[in-house]
Every structure is written in structure tokens, then in C-alpha cells.
Amino acid sequence: MLCCVTEPANPTAADGRRVAAFFDLDKTVIAKSSTLAFSRPFFQEGLINRRAVLKSAYAQFVFMLAGADADQMDRMRAHITSLCTGWDVEQVNAIVEETLHDIVDPLVYKEATQLIAEHQEQGHDIAVLSASGEEVVAPIAKMLGVDHWAGTRMVVADGRYTGEIEFYCSGENKAAAARRLAEEHGYDLAECHAYSDSISDLALLESVGHPTVVNPDRALRKEAVQRGWPSLAFEHPVSLRARIPTPSRAAVTAAGVGMGAVAAAGAAWWGIRYWRRHR
């Protein structure tokens, strides 16, 4: 059962410092891209058009097929930021809050929840670090019951996104976020763990003493073999509501991880309809 670890329960490393496990989000904890997953509700609420949905469906397909290297991540970042320029922040937050459970519940990796639970049983803090926007990352992290999280922050002016990015939580910046959390909470990075699927998170994996790759893309798989890093395959997305029958705190918090199937499927459906009508 997942629960939020209280500070005194966290065991210390040999030098008296504490331990954390840092998890990437997309394709590590959840089966899809958390950012692209919301294309359907954003379309339904009038924030994007069918052309944007089609692009999101294609991007989701490429992401799942081949992962995302640094160039692809930059292109995805440019696509998302240009798309949401001018959006009302409160409207976006309301859409995420209203649709989170329906979108997220079905596709959390069972293996990820088990691994998180194992770390929590050892008293380790859990942090979710993702290139997705904080508007998406924070609700998922809260529903998971993890201790800390970090995501991409966009600049807001007069309640709307300007299209500029204040902090892009990817690559070296994601490793910097882990180091910042370590400084703030006294984690011994040499004793900490990190999990990711993407070569873009190589700096994060290198920053801890216990790196593990999960569903690695080709480039990260090669690095893991060369460095002797453990590799895990997460293959079984499940409904947490089905696994946790009572509305305990763990059930409420953990229901939020599977971020992609429903919305991505909807995006693909709209894309197919659009293509058939306009070919």
C-alpha cells in the first residue's frame, strides 16, 4: 500500500544523510506522455483544434515508438509552448483537475507502484521529476502520495501563458532539480536511486549512486550495458482503482498515474477521422 513517508521514518546513509528515489514520469511510472495525454480534453474545451490534436496523436506515436532524444524533446517543447501561448492558466488547471482521474487511472505501471512501495517501505523519500508542465506533474505526484516533484514551469502574465519557459525540467536541468532537492532535504546522492527510460535523463542517472533504466530507448540501453546499470521492463499498466478496493489515502493518491491511454486514444481517433475526411 502506498503512503506518504514521514520525515522521521527515512533511514540515513552511512554518513548520516537521508535517501531518496527519483523517478522520471513518462514511460517510467506511466505508460504514455503525460503532456500529450490531455489533447482530447483540451480539444473538447476549445483550447486546441483538430489539426493540433492530429499533431499530438502523431507526436505520441513517435514518442512511444522510439522514445525522445534531446532534439526530439526540444521540438516537443517548442510545439507545446507555441500551442498553449495565451491560454488561461485557471482554465488549464480546472481541465486537468476535472479529467485527471479518468485519464490517469487505467495505465499506471503495476511494476512502478510496486517499486515505489518498496522504496517507501525502506523509508526512502520519493520524487517525481518530469519535463511535463507542473500543471500536470503536481496533481499526479499528489495523487501518488510522493514527497516531492519538479516539472517544467512556464512564464505567466496576467493569468495567461506567455509562451516563454522559466525552467525546463529536462536533461541537465532535471539533474539540477535532483541536486537541489538533495541540498534542501539532506539526501546523500551517492546512496540515492534514479529511474528513467530516456537518454535525455543520462545526467540524472549519473548524479546518483544507484541508477536504473526502465523501458530504455536504444541509446540509453547501450549506455546501461556499457556501464553495467540494471535494466527493468515495465509492461503491465493496470487500474489502481481495481487493485485498491477501499478509499484509503493510498487509493486516493495512487489513482493518478497512468496518464495517457484515454486521451491519446481519443487524439488518435480524431486524427484518423480528420485524415479520412481530408485525404
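- The name given to the protein in an unreviewed UniProt entry is HAD family hydrolase, with Saccharopolyspora rosea as the source organism.
- Check the Sequence similarities (unreviewed entry) section of the UniProt entry for the protein; it says "Belongs to the HAD-like hydrolase superfamily. SerB family."

### Some thoughts on the pattern of salt bridges
Piece 1. One pass over the full model with this rule turns up eight salt bridges.
Piece 2. Arg153 serves as the salt-bridge partner of Glu166, at 3.7 Å between the closest nitrogen and oxygen. Of this pair, Glu166 sits in strand β5 (residues 160-167) while Arg153 sits in strand β4 (residues 148-157), and the two are 13 residues apart along the sequence.
Piece 3. Exposure remark for Glu166: the relative accessible area of 54% places this residue in the exposed category.
Piece 4. Between Arg227 and Glu223 there is a salt bridge, with its nearest N and O atoms 2.8 Å apart. Remark: Glu223 and Arg227 occur in helix α9 (residues 218-227); sequence separation between them is four residues, near one turn of the helix.
Piece 5. What makes Arg227 partly exposed here is its relative accessible area of 39%.
Piece 6. Here the residues in one salt-bridge network are Asp24, Lys174 and Asp201, joined through shared partners.

### Side note on the packing of aromatic side chains
Piece 1. Using the criterion set out here, one finds three aromatic pairs in the structure.
Piece 2. Judged by centre distance (4.7 Å) and plane angle (20°), the ring pair of Phe23 and Tyr195 falls under stacked. Placement of the pair is Phe23 in strand β1 (residues 20-24) and Tyr195 in strand β6 (residues 193-196), with a sequence separation of 172 residues. One exposure class covers both Phe23 and Tyr195, and it is buried.
Piece 3. Consider the rings of Tyr109 and Phe234, whose centres lie 6.0 Å apart with planes at 55°: the pair is tilted. A residue pair is termed long-range when its members are at least 10 positions apart, and Tyr109 in strand β2 (residues 108-109) and Phe234 in the loop between β8 (231-232) and β9 (237-238) qualify at 125 residues.
Piece 4. Given a relative accessible area of 8%, Tyr109 falls into the buried group.

### Points about the pairing of β6
Piece 1. Burial along β6 is two-sided: the face carrying His193 and Tyr195 and the face carrying Ala194 and Ser196 are both buried.
Piece 2. The pairing of β1 with β6 spans three bridges and is parallel. Paired with Phe22 across the two strands is Ala194, which belongs to β6.
Piece 3. In the sheet, β6 pairs with strand β7 (residues 210-214) via four bridges, with the strands oriented parallel. Of the residues in β7, the one forming a bridge with Ala194 is Pro211.

### So, the confidence of the model for the protein
Piece 1. Confidence in the prediction of the protein, expressed as mean pLDDT, is 75, and 62% of residues score 70 or more.
Piece 2. When the criterion is pLDDT under 50, residues 1-9 qualifies, and its contacts beyond four places in sequence or with other chains add up to 23 contacts.
Piece 3. In this model, residues 57-66 is a region of pLDDT below 50 whose contacts with residues beyond four sequence positions or in other chains number 20 contacts.

### Structural notes on unusual backbone geometry
Piece 1. Phi at Asp158 is positive, roughly 55°, even though this residue is not glycine.
Piece 2. Relative to the helices and strands, Asp158 is located in the loop between β4 and β5.
Piece 3. Even without a glycine there, the phi angle at Asn215 is positive, about 45°.
Piece 4. Following the sequence through the fold, Asn215 ends up in the loop between β7 and α9.

### Examining the sheet that holds strand β3 (residues 125-133)
Piece 1. With mixed pairing, the seven strands of this open sheet are ordered in space as β5-β4-β3-β1-β6-β7-β8. The two strands at the open ends of the sheet, each matched to only one other strand, are β5 and β8.
Piece 2. Contacts from helix α5 (residues 110-121) reach β1, β3, β6 and β8, with the element oriented near 165° to β1.

### Brief notes about helix α7 (residues 172-185)
An α-helical turn contains 3.6 residues, so a residue and the one three or four places further along point in the same direction.
Piece 1. In this model, α7 (14 residues) spans 20 Å end to end at C-alpha, consistent with the 20 Å of a helix rising 1.5 Å per residue.
Piece 2. Listing the buried residues of α7 in full gives Lys174, Ala175, Ala177, Ala178, Leu181 and Ala182. What you see down the axis of α7 is that its buried residues fit within an arc of 155°, all on one side. Opposite the buried face of α7, at more than 90 degrees from it, the exposed residues are Glu183 and Glu184.
Piece 3. Its buried side turned inward, α7 meets β1, β3, β4, β5 and α8 (202-206).
Piece 4. Gly186 sits one or two residues past α7 and shows a positive phi near 75°.

The rules we used
Residues numbered from 1 in each chain as written. Predicted model: local features only at pLDDT ≥ 70, side-chain atom pairs only at ≥ 80, totals over all residues. Heavy atoms only, no water. UniProt positions renumbered as here; feature names shortened; annotations may be inferred. Salt bridge = Lys/Arg side-chain N within 4 Å of Asp/Glu carboxyl O. Helix = DSSP H or I, 4+ residues; strand = E, 2+ residues; numbered from the N terminus. Buried < 20%, exposed > 50% of the residue type's maximum accessible area, 1.4 Å probe, protein only. Phe/Tyr/Trp six-rings, centres within 6.5 Å; stacked < 30°, edge-to-face > 60°. Pairing = 2+ DSSP bridges. pLDDT = per-residue confidence, 0-100. Contact = heavy atoms within 4.5 Å. Axes fitted to C-alpha atoms, helices over the stretch in contact; angles between N-to-C directions. Expected span 1.5 Å × (residues − 1). Arc of directions from axis to C-beta.

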